[in-house]
Amino acid sequence: MITLIVPCYNEQESLPIFYKEVTAVVQKIKSDYELLFINDGSRDDTLTILRSLAKKDSHVTYLSFSRNFGKEAAMYAGFCNARGEYVAVMDADMQDPPSLLPKMLEILESGEYDSVATRRADRKGEPPIRSWFARKFYHIINKISDADIVDGARDFRLMKREMVDAIVSMSEYNRFSKGIFGWIGFRTYWLPYENVERVAGETKWNFWKLFKYAIDGIINFSQAPLSIASWFGIFMTFCSFLLLFGIVIRKAMFGDPVAGWASTVCVIIFIGGIQLFCLGIMGQYIAKTYLETKHRPHFIISETNGEDVKKVK
Ligand code: UDP
Ligand code: MG
């Protein structure tokens with residue numbers, strides 16, 4: 001059986017289109033399938049649509065969250081409740097073309113690979129500044145962490161049961177799926193495709209949200225920022241020794257020249273700034289640790305048509 005996990009947040013316009021297209025594709029595939037929709041606390045008619053889809057089609061299972069927990073939590077709920085031997089994550093907005101599924105399945109069934117992942121072939125149609133930041137992000141995170149993350153990788157991927165179990169076992173609260181997929185390893189085939197615009201509705205990501213997501217990704221998968229503080233510290237101590245040395249020499253040769261207060265204030269502000277910056281980095285890690293130690297559930301399901309559903313995890 002194949003399970004398609006579909007996180008939905010305010011997707012009332014895209015859902016009917018998605019359902020129609022994806023059903024047409026999966027019905028041609030010989031194996032049984034399950035459409036696992038996760039309603040991530042939508043405020044529009046997404047849940048109503050899901051209820052009626054579930055009523056007329058037994059392949060449809062929906063899990064409805066008690067509030068908006070975010071796409072990461074929605075995907076995790078999907079992984080925890082997927083019953084298929086093969087599992088794929090897909091967006092509801094048709095940006096992950098269902099037409100790729102047969103090809104992905106074929107590659108998996110050849111036995112060479114454990115998962116087939118997709119990535120955008122290029123970044124056409126995206127503001128240049130956003131592309132620049134995105135490329136820098138992938139460059140940095142691959143340098144400083146051991147999660148190997150491919151530039152332009154999407155969450156759309158088809159994987160085998162073993163991989164899904166590995167993902168479920170990574171129960172960390174601060175989730176960054178691109179990193180998790182890379183971290184667990186397995187043999188992955190990368191399938192490039194032209195980026196597609198979303199069919200209806202609008203994206204839930206603005207630049208600032210993406211930026212924070214990127215910082216989260218780095219903090220979740222690398223300890224490198226923490227060492228920035230130590231490097232700054234070593235560098236500043238080294239500089240202060242040089243300056244001290246210079247001042248002693250100057251004093252010995254020219255007596256005591258008048259010292260300006262402006263330069264002193266500059267130095268104080270500079271060092272104060274660096275200290276706050278480093279403190280902030282540590283704060284980020286402490287905040288993550290704090291959330292992690294609380295062991296709060298990733299999601300709470302308030303309504304579902306499925307059986308044996310893990311409602312809280
Ligand atoms: N999504 C979600 N919860 C959220 C935000 C988004 O489940 O809090 C879903 C959304 O319904 C869509 C997918 O995640 O199916 C990707 O979202 P979107 O298309 O807005 O992101 P983009 O494709 O622009 O990166
Ligand atoms: Mg989208």
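Right above here is the structure, for reference.
Here goes a summary of the coordinates provided. The structure presented is a predicted model; accordingly, all values stated were derived computationally and were not measured.

## Focus on the site of ligand 1
- Looking at ligand 1, there are 16 residues lining it, with E11, D40, D93, Q95 and T203 nearest.
- Within the side chain of Q95, one N or O atom sits 2.6 Å away from an oxygen atom of ligand 1.
- Between ligand 1 and the protein, one listed contact pairs an oxygen atom with a side-chain N or O atom of W205 at 3.4 Å.
- Compared with its free state, where it exposes 520 Å², ligand 1 has 88% of that area covered by protein.
- Here the residues of the shell around ligand 1 are counted per class, giving five nonpolar, four polar and seven charged.

## What about the nonpolar core?
- Within the largest apolar cluster, 39 residues are counted, with the highest numbers of intra-cluster contacts made by F65, F79 and M159.
- At the level of secondary structure, the elements contributing two or more residues to this core comprise β2 (33–39), β3 (60–65), α3 (71–81), β4 (86–89), α5 (128–144), α6 (161–169), α7 (177–184) and α8 (207–221).
- For this core, the element with the most residues is α3, which contributes seven residues.
- Within the second largest apolar cluster, 37 residues are counted, among which are I2, L4, V6 and I49.

## Considerations on the sheet that holds β3
- Reading across from one edge, β7-β5-β6-β4-β1-β2-β3-β8 is the order of the eight strands in this open sheet, with mixed pairing throughout. Both edges of this open sheet fall to β7 (188–193) and β8 (301–304), since each of them pairs with a single strand only. Mean inter-strand twist for the sheet, computed between neighbouring axes without regard to direction, equals 20°.
- As paired strands, β3 and β8 are joined by three bridges and run antiparallel to one another. Bridge pairing in β8 places S64 opposite E303.

## Side note on a nonpolar patch on the surface
- Side chains of I129, W132, F133, F207, W208, F211 and I215 sit close together on the surface and give an oily, nonpolar patch of about 690 Å² of accessible area.
- Where the nonpolar patch is concerned, the elements lending two or more residues are α5 and α8.
- Among the elements that make up the nonpolar patch, the one with the highest residue count is α8 (four residues).
- The exposure class of W208 is exposed, given its relative accessible area of 53%.

## Details of the coordination of the magnesium ion (ligand 2)
- With distances of 1.9 Å, the protein atoms coordinating the magnesium ion (ligand 2) are D93 (OD) and Q95 (OE1). There is no split in this pair, since D93 and Q95 are both buried.

## Some words on the environment of M170
- The residue M170 is located in the loop between α6 and α7 in this model.
- Put simply, M170 and Y76 are 94 residues apart on the chain and 9.7 Å apart in space, counted from C-alpha to C-alpha.
- Setting aside chain neighbours within four positions, we find M170 in contact with Y76, R175, I180, W183 and I184.

## A short note on the pairing of strand β5 (residues 115–120)
- Summarising burial for β5: five of the six residues are buried, a large majority.
- The pairing of β5 with strand β6 (residues 153–160) spans four bridges and is classified as antiparallel. Note that in β6 the partner of R119 across the bridge is A153.
- Sheet topology note: the β5/β7 ladder contains six bridges and is parallel. Bridged to S115 within β7 is T188.

What counts and how
Residues numbered from 1 in each chain as written. Chains lettered and ligands numbered in written order. Predicted model: local features only at pLDDT ≥ 70, side-chain atom pairs only at ≥ 80, totals over all residues. Heavy atoms only, no water. Near = heavy atom within 4 Å. Polar contact = N/O pair within 3.5 Å; in protein donor to acceptor, adjacent residues only side chain to side chain. Areas by Shrake-Rupley, 256 points an atom, 1.4 Å probe, with all protein chains shown as cover. Nonpolar A, V, L, I, M, F, W, Y, C, P; charged D, E, K, R; others polar. Core = buried A, V, L, I, M, F, W, Y, C linked by side-chain atoms within 4.5 Å. Buried < 20%, exposed > 50% of the residue type's maximum accessible area, 1.4 Å probe, protein only. Helix = DSSP H or I, 4+ residues; strand = E, 2+ residues; numbered from the N terminus. Pairing = 2+ DSSP bridges. Axes fitted to C-alpha atoms, helices over the stretch in contact; angles between N-to-C directions. Patch = residues over 30% accessible without salt bridge, like charges linked within 9 Å, V, L, I, M, F, W, Y side chains within 5 Å. Salt bridge = Lys/Arg side-chain N within 4 Å of Asp/Glu carboxyl O. Donors = N, O, S within 2.8 Å, 3.2 Å for Na, K, Ca; no water. Contact = heavy atoms within 4.5 Å.

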